[in-house]
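These are the residues of each chain, in order.
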Amino acid sequence: MRTRLWGFLILFLSFLALAQQTRPASDPAVVEAAKKEGRLIVYSSTDQASAQALLDDFRRLYPFIQIEYNDLGTQAIYDRFVSETAAGARSADLLWSSAMELQVKLALEGYALPYDSPEAKNWPANARLENLAYGTTLEPAVVVYNRRFLRPGEVPSTREGLVRLLQEPRMRGRVATWDPERSAVGFTILKADYDQYPAFQDLARAFGRAQVALYSSTGAAFEKVISGEHYLAYGFFGSYALLRQRTVKDLEIVYLTDGTVAIQRVALISRRAAHPNAAKLFLDYLLSLRGQNLMAYTALIFARRETVVGEATPQALYRAVGGKDKVYAIPVSREILKNLDPAERMRFLTFWRQAVRGQ
């Protein structure tokens, strides 16, 4: 009996130790200050359905913080935050957005509160802008198709192969991709594709011949693929595709083995945050092993930590595309601001309009 009790005690203490290890490495003083604040306002482009598991777990850790989570479009996040800040009105404490250029712009223009998160000591260099903004995910742009209309094996994993598929008459009007003129994140993804992979130019022309349909959101494009109005969608978030696969059996994912663009959702704390300590806790959580594991296993948002193991992780992505060198992770850096330069934008959009619209 005594041996059994000792065994139970050891198991219980081991569980407590593991639980402590999986808590974010936040400063206790920040936790105490956040208790007094009691509130957190987040503006995020991450769909509520994807973020809900993270929000619920954060509430379990910090039940004293009331979260106001605003699910907004990327441009709406930027415009609303800037206008509210200029007016001195209440605004977000933390911004979490896939519009990387806009997040970096805010950080470099003085809108971000500097914060050395204890969870980011070994964070990848291309996933942080000093101590102002942090990349929290590594989400690949993938090909999604409906296997009721395209059989597994028919959809190639290279741009050259996709060009051949799109030449088939059955594909006319059955293809979807981003509208880079209406979607900030769509512009980011397609512009990176254009800059990094020369074969994308032929693919863009093939889009034009196939009378591609253009969308400003992943969800809208996926609904058309699920319904069969489109057979295939190019360049949208693999994370949302994984989540939809749970309920849609006909949805299939193809990872590009000739080079995959991956975007990082960038988080920053407002310099004028009314609840800065609560925001620090949420940022620590997003970067923590606990938060990243939940992204990988439950939320199916591709985690950023290289050591996380699961379905939606960097290692899983590298295996799917044939190696880490096949992934172009758009860096969280000043360099990305070139996409906001009018001349640089026009360079890409001129090509795009000519290729896709024949203008």
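Residues numbered from 1 in each chain as written. Predicted model: local features only at pLDDT ≥ 70, side-chain atom pairs only at ≥ 80, totals over all residues. Heavy atoms only, no water.

## Notes on the nonpolar core
Okay, so step 1: Core analysis: the largest hydrophobic core is formed by 92 residues, its most contacted members being Phe200, Phe207, Leu232, Tyr234, Phe348 and Trp352.
Okay, so step 2: For Trp352, the contacting residues outside a window of four places in its chain are Thr177, Trp178, Pro180, Leu190, Phe200, Ala204, Phe207, Leu214 and Arg357.
Okay, so step 3: Residues Tyr62, Leu94, Trp123 and Ala279 belong to the second largest nonpolar core, which totals 40 residues. (Core = buried A, V, L, I, M, F, W, Y, C linked by side-chain atoms within 4.5 Å. Buried < 20%, exposed > 50% of the residue type's maximum accessible area, 1.4 Å probe, protein only. Contact = heavy atoms within 4.5 Å.)

## Remarks on the sheet that holds strand β1 (residues 39–44)
Strand pairs in the sheet, formed through backbone hydrogen bonds, run parallel or antiparallel to each other.
Okay, so step 1: Strand order in the open sheet formed by six strands is β2-β1-β3-β12-β5-β4, and the pairing between neighbours is mixed. This sheet does not close on itself; its edge strands, each paired only once, are β2 (66–71) and β4 (128–129).
Okay, so step 2: Pairing of β4 with strand β5 (residues 133–135) involves two bridges; the strand directions are antiparallel. Following the sheet pairing, Arg128 is matched in β5 by Tyr134. (Pairing = 2+ DSSP bridges. Helix = DSSP H or I, 4+ residues; strand = E, 2+ residues; numbered from the N terminus.)

## A few points about helix α8 (residues 199–209)
Okay, so step 1: Within α8, the full set of buried residues consists of Phe200, Leu203, Ala204, Ala206, Phe207 and Gly208.
Okay, so step 2: Directly beyond the C-terminal end of α8, a positive phi value near 55 degrees is found at Gln211.

## Remarks on the pairing of β1
Okay, so step 1: Burial analysis of β1 places five of its six residues in the buried class, which makes it a mostly covered element.
Okay, so step 2: Pairing between β1 and β2: six bridges, direction parallel. Residue pairing across strands places Leu40 opposite Ile67, the latter belonging to β2.
Okay, so step 3: This β-α-β element, β1 to helix α3 (residues 48–61) to β2, shows right-handed connectivity.
Okay, so step 4: In terms of strand pairing, β1 meets strand β3 (residues 94–97) through three bridges, oriented parallel. From the neighbouring strand, Ser44 faces β3, where its bridge partner is Trp96. (Right-handed = clockwise from strand over helix to strand, strands pointing away.)

In short, the description is geometric, and any link to function would need to be established separately.
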